[in-house]
Each structure stands twice: as C-alpha cells, then as structure tokens.
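Structure at a glance
So you can see what is in the structure, the chains are spelled out below.
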Amino acid sequence: MSFDWWTFGLQAANVLILLALLRHFLFRPVAGILEQRRQDTAAALAAAAAARQAARDAETRATAEADTLRTQRETLLAQARDEAETLRQDRIAAARAEAARIIADGRAAMDHETRARADQRLHQTADLALAVARRALAAQPAGLPGYATRLADLLAAMPAPQRAALLQGTGLHLVSASPPDAAERAAIHAALAPYVDAPRIETDPGLIAGLDLCSDTGIVRNALDHDIDRIARALHDDQTR
Amino acid sequence: MESPFANPLAFMLGPVPITTTVLTTWALMAAMTLAAAWAARRLTIDRPGRVQVVLELLVETLDSEIAGTVPGDPARFRVLIGTLLLFVFVANWSSLVPGVEPPTAHLETDAALAAVVFAAGVGWGIRTRGVRGWLTSFARPSWVMIPLNLVEQVTRHVSLTIRLFGNVMSGVFVIGIVLSLAGLLVPIPLMALDLLTGAVQAYIFATLALVFIGSAVTGDEGATPPPPQQDAP
Amino acid sequence: MTDLIQIASILGAAFAVSFGALGPALAEGRAVATALEAIARQPEAAGSISRTLFVGLAMIETTAIYCLVIALLLLFANPFVQ
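A quick note: this is a predicted structure, and the numbers were derived from the prediction, not measured. Throughout, residues of each chain are indexed from 1 in the direction in which the sequence is written. The naming scheme follows written order: chains are lettered A onward, ligands numbered 1 onward. Totals for whole chains, interfaces and linings use every residue, but because this is a predicted model, local features are given only for residues with pLDDT of at least 70 and side-chain atom pairs only at 80 or more, for both listing and counting. Note that water and hydrogens are dropped before the side-chain values are worked out from all heavy atoms of the structure.

Description of the interface of chain C and chain B
Heads up, the condition is: Only heavy atoms enter the contact rule, under which two residues are in contact if any of them lie within 4.5 Å. Summed over both partners, the accessible area (1.4 Å probe) lost when two parts come together is defined as the buried area. One speaks of a salt bridge when a side-chain nitrogen belonging to Lys or Arg is within 4 Å of a carboxyl oxygen belonging to Asp or Glu. Contacts described as polar in this section are N or O atom pairs within 3.5 Å, which, within protein, must combine one atom able to donate a hydrogen with one able to accept it, while residues neighboring in sequence count only if both atoms come from side chains.
Contact residues are listed per partner, giving 17 residues for chain C and 24 residues for chain B. Of the roughly 1700 Å² buried where chain C meets chain B, counting both sides, 76% is carbon and sulfur surface. Looking only at chain C, the three residues that lose the most surface to chain B are R51, Y66 and F76 of chain C, adding up to 32% of its buried area. Inspection of the region where chain C meets chain B yields zero salt bridges. In this structure, the connection of chain C to chain B is made through two residue pairs in polar contact (both at pLDDT 80 or more).

Considerations on the confidence of the model for chain B
Residues and elements named next belong to chain B. Let me state the cut-off plainly: Every residue is assigned a pLDDT by the predictor, reflecting its confidence on a scale from 0 to 100. To qualify as a helix, a DSSP run of H or I must reach at least 4 residues; to qualify as a strand, a run of E must reach at least 2; elements of each kind are numbered from the N terminus.
Residues with a pLDDT of 70 or more make up 93% of chain B, whose mean pLDDT is 86. Looking over chain B, one finds the lowest element-wise mean pLDDT in strand β1 (residues 9–13), namely 81, and the highest in helix α3 (residues 75–93), namely 93. In this model, residues 221–225 is a region of pLDDT below 50 whose contacts with residues beyond four sequence positions or in other chains number 10 contacts. For residues 228–233, every residue scores under 50 in pLDDT, and the model assigns this stretch 15 contacts once sequence neighbours within four places are set aside.

Some thoughts on the interface of chain B and chain A
To keep it simple, the criterion reads: Under the scheme applied, nonpolar residues are Ala, Val, Leu, Ile, Met, Phe, Trp, Tyr, Cys and Pro; charged residues are Asp, Glu, Lys and Arg; polar residues are all the others, including Gly.
The interface of chain B with chain A comprises 42 residues on the first partner and 30 residues on the second. Of the roughly 3400 Å² buried between chain B and chain A on both sides combined, carbon and sulfur atoms contribute 79%. For the chain B face of the interface with chain A, the top three residues by lost area are M29, I45 and E108 of chain B, together amounting to 18%. Remark: the boundary between chain B and chain A carries one salt bridge. In this structure, the salt-bridge partner of E56 of chain B is R37 of chain A, at a minimum N-O distance of 2.8 Å. Among the secondary structure elements, those contributing two or more residues to the side of chain B that touches chain A are β2 (16–19), α1 (20–41), α2 (50–69), α3 and α4 (107–136) of chain B. Broken down by element, the side of chain B that touches chain A gets its largest block of residues, 10 residues, from α1 of chain B. Tallied by class, the residues present in the side of chain B that touches chain A amount to 28 nonpolar, 10 polar and four charged.

Some remarks on empty space enclosed by the protein
Residues and elements named next belong to chain B. Definition in use: Using a 1 Å grid laid over the protein atoms alone, points where a 1.4 Å probe fits but cannot get out form a cavity; open sets with protein on both sides within 12 Å along at least 5 of 7 lines form a pocket; any residue with an atom within 4 Å of a point counts as lining. Grid points are joined across faces, edges and corners, and a volume is the space filled by probe spheres set on the points.
A complete count under the given rule lists two cavities of 30 Å³ or more for this structure. The volume enclosed by the second largest cavity comes to roughly 40 Å³. Where the lining of the second largest cavity is concerned, the elements lending two or more residues are α5 (146–182) and α6 (188–218). Among the elements that take part in the lining of the second largest cavity, α6 stands out by supplying three residues, more than any other. The residue inventory of the lining of the second largest cavity, partitioned by class, reads one nonpolar, four polar and one charged.

Rendered as structure tokens:
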C-alpha cells in the first residue's frame with residue numbers, strides 16, 4: 001500500500017486551482033449571460049406589460065372621451081330639437097295668428113266692400129229711379145185727356161200701314177190706369193175720333209197713369225209705366241254702354 | 001503485472017516528486033481552462049451557438065439539481081459542484097486518449113477530491129450555522145450518537161474516495177488485463193462500459209458531494225440522495 | 001511462512017471477489033426486476049426510472065468494487081508480504 005502524500009497534496013491544490021480557473025473562465029460568464037438574458041426577458045416582459053397597460057389606459061380614455069362626446073352630442077341634439085320644436089310652435093302660432101288676422105281683415109274688408117257696393121248700388125238705383133221718375137214725370141201730359149192727345153199724336157206719327165193694321169184688328173180697345181169719368185171719356189173719344197170710334201175702355205192699375213190702345217194685331221203704349229220702362233232701359237243702356 | 005496502486009514518478013521538481021498523475025491532471029486542467037476560455041469568449045445573448053447551449057444547459061441543470069437538494073440560492077454551490085462534476089468526468093474520459101491513465105484511477109486524486117468535499121462541508125457548515133451550531137449538529141438526535149456521527153463523517157468520505165477510485169481503477173485494470181490476454185479490438189466493449197461507468201460515477205460523485213455539503217449546511221445528518229431530476233446526465 | 005501468506009492472500013482475494021460479486025449480483029437483479037415492473041406499470045415514467053436505476057446500479061456495484069479493491073490490495077499491496 002503506497003500512498004503518495006505529495007501527489008495527494010498536489011492534486012488537492014490542483015482541484016482548488018481548477019476551481020478558481022473554471023469559476024473565472026466558465027461559470028461566471030455563463031451565469032452572467034443567463035442572468036443578463038433573464039434580466040432582458042424580465043425587462044421585455046415589463047415593457048410589454050407597461051405597453052399593454054398604456055394601451056388599456058388609452059382605450060379607457062378613448063372610451064371615456066367617446067362617451068363624453070356622445071353625451072354632449074345627445075345633449076346638443078336634444079337642445080336643438082327642443083329649440084326647433086319651440087321655434088316651430090312659435091312659428092305655427094304666429095302663422096295661425098297671422099292667418100286669422102288676415103282672414104279677419106279680409107272678411108272685414110269684404111264686408112266693408114260688400115256694404116259699400118250695396119250702398120253704391122242702392123244709391124245708383126235710387127238715382128236711377130229718381131232720374132227715371134223725374135224724366136218720366138216731366139214728359140207726362142196732364143190727365144187722361146192729355147194722354148189721349150198724345151196717343152193721337154202717336155197714331156198720327158205711325159206709318160200708315162202699321163196704323164191701319166192696328167186699327168183693323170179685332171178687339172180694339174183702350175186701357176186706362178183709372179176708370180175715366182164722363183168728361184174724360186168724352187175728351188178721349190174726341191181726341192181719338194179721327195182713328196177710332198168710341199173704343200171700349202178697360203181699366204188696368206198697373207199702368208199707373210196713361211192710356212194704351214190695344215188690339216189683336218198690336219198695341220200702342222201711351223202710359224206712365226211704359227215711359228218709365230223705356231226711360232229706365234235707355235238709362236240702363238247708357239250706363240252699360 | 002504493474003500494481004494499480006503504483007504511482008510512476010515523472011520527474012523531480014526540486015524536492016517535490018511529480019508523478020504522472022499530477023502531470024496528467026495539469027494537462028487536463030490546461031485543456032479544460034483553454035476550452036472554457038474559448039467557449040466563454042464566444043458567449044452571446046441573442047445568438048447562442050451549440051457550445052453555449054450545452055454550457056447553459058449544464059449550468060441550469062446544476063442549478064436545478066442544487067435547488068432540489070439544498071434550499072436557498074443554488075449559485076453558492078454551483079462552482080464547486082460543477083467543477084467536481086466536470087473534472088471527474090473529464091478525468092474518467094481521459095482514458096480515451098492512448099497512453100493516458102485517468103488521474104481518478106489513482107487513490108491520491110480521489111482522496112484529494114473527497115478532502116475538498118469534506119473541507120467544503122465543514123466550511124459551509126460553520127459559515128451557515130456558526131461553530132456552535134455546526135458542532136451541535138454532531139449530537140443529533142442525542143449525545144450518544146456523537147461517536148457514530150464522527151465515524152460516519154470519516155466513512156462517508158472514505159467510501160466516496162474508494163467508490164470513485166475502485167470504479168475507474170477497476171475499469172483501467174480490467175482493460176489492461178483483457179488487452180494483455182486477448183489483444184487488439186477485444187477490450188472495446190469494456191472501454192465503452194468504462195465510459196458509461198465514468199460518466200455515471202462523475203454524476204454520482206457530484207451528487208453525493210452535494211448531499212454531504214447540503215447536509216452540513218441544513219444540519220440534516222440523515223439526508224439521503226434525492227431522486228435524480230429529469231435532466232440528469 | 002511468506003509462501004503461506006501469499007497463498008492465503010490469493011485465496012482471500014479470490015473469495016473476496018467471488019462472494020463480493022454474489023451480493024451485488026443478487027441486488028442488481030432485484031433492482032432491475034423491480035425497475036422493469038415499474039416501467040411496465042408506468043411506461044410514461046420509463047426515462048426517470050431508468051435513470052434512477054442506472055445510478056442505483058452504480059451504487060450497488062460499488063460494494064463489489066470495494067471487494068475488488070480489497071482483492072487487489074491483497075494481491076498487489078499486501079502489507080504482510082515484503
């Protein structure tokens with residue numbers, strides 16, 4: 001049994017030296033690399049987490065902003081809608097009031113005009129009637145004898161054939177407004193003596209005044225109503241023309 | 001036949017006799033240091049090469065093994081356990097080189113390794129628990145156990161020595177015998193078995209050293225070797 | 001006398017190796033059988049079991065190695081033979 005203590009000591013020293021050598025040349029660099037990589041990974045993870053957190057924050061902020069904007073928009077919209085509604089109601093009310101006023105004005109104006117026109121027409125009618133009456137009355141002779149004289153004049157003025165046809169007709173008679181008394185009848189007969197012999201005299205109050213000569217073949221108007229008619233027609237023609 | 005216990009003398013360095021074992025160890029140390037420096041120079045963070053991946057795997061496996069055995073920061077024992085593992089492994093496999101006898105096939109080397117483990121256990125025990133705490137750890141579970149604990153301290157390190165020495169030396173010895181009897185090519189299967197034995201013994205040596213140191217640190221004298229992790233060598 | 005010691009040393013070495021190989025052989029066989037059983041029961045744990053088996057086998061083998069060391073000591077470093 002040989003145990004070399006020198007070799008033992010040298011080998012122990014060798015192991016310790018190798019320990020230091022490997023520690024310096026192998027384990028420390030490799031462990032450093034591993035640690036560095038772990039730190040890098042941790043840093044990258046931390047950065048990623050921070051980035052994710054930042055993104056989440058930004059998202060939250062954006063959502064909040066969007067909410068705020070939506071709320072604001074809705075508020076504005078509601079406000080605008082309310083204003084528009086109010087404005088519309090105001091406008092409608094104003095328009096209704098205006099329309100009512102215009103209608104009332106128009107109605108009033110129309111009433112006024114209608115009244116004025118009626119007045120005017122009344123005046124015209126009155127004037128016309130007055131003129132007609134005045135002119136008719138101005139042309140009237142005095143009493144039935146006068147009318148008889150005028151009838152005779154009218155007959156004389158008529159063309160002969162017509163006068164003859166009239167006088168030849170059957171049922172020749174006179175129409176008076178009021179029944180003549182004897183004197184008047186005599187005067188009438190006298191006046192018409194050249195043309196007709198004592199004609200029958202009928203009474204018609206619608207003539208107002210005057211004396212017409214009627215037969216089956218014609219009529220000679222010589223009464224106040226006829227004059228009034230004629231004058232009124234002439235005046236109407238004058239006015240309308 | 002040459003005795004497996006013999007230590008052939010290489011030369012004398014003054015009064016110090018330098019054996020071939022020490023010479024081989026120096027060569028292995030130089031080779032390992034050069035390789036480590038060469039590999040550490042090419043370390044990068046983003047583009048690890050094949051060598052760097054192996055080294056990182058080694059360090060991480062060491063850390064996980066240590067963390068599974070001893071509670072606390074695994075970086076404390078990383079250098080010691082890693083160096084033991086690497087040195088024993090490289091020394092066992094140095095028999096691949098023709099004419100080189102593994103340093104671990106000699107009792108002095110294994111005894112030196114076990115002595116380092118023993119010194120580390122004592123050192124870590126005192127450092128972690130104080131002199132008093134470390135001394136009282138021998139009186140567990142009671143003071144009657146003190147002689148037994150002391151004997152166990154000796155025997156576990158002696159068995160650590162003999163285990164490694166016997167395995168490696170017997171491999172070398174058997175290969176030598178077979179080579180002298182049968183000649184070329186026949187000892188190749190035995191050499192392959194020797195390599196396997198060498199790797200396993202390196203792992204066992206490192207694990208046991210870790211268990212011993214861990215038991216000195218935690219005071220758990222009855223500590224048993226933990227089941228190997230998934231990524232054990 | 002020296003011859004007798006040498007003969008005894010050789011016989012002791014042979015007995016040490018042979019009987020020293022017996023126990024570890026039985027133990028290793030038992031360990032392998034149990035490991036195979038465990039692997040058959042849990043094939044998914046085959047990697048872990050076989051790794052543990054290898055380490056255990058090496059530990060068991062160590063006892064045989066001890067015997068071998070004793071035998072070699074007797075043969076090559078016998079303190080009683082000078």
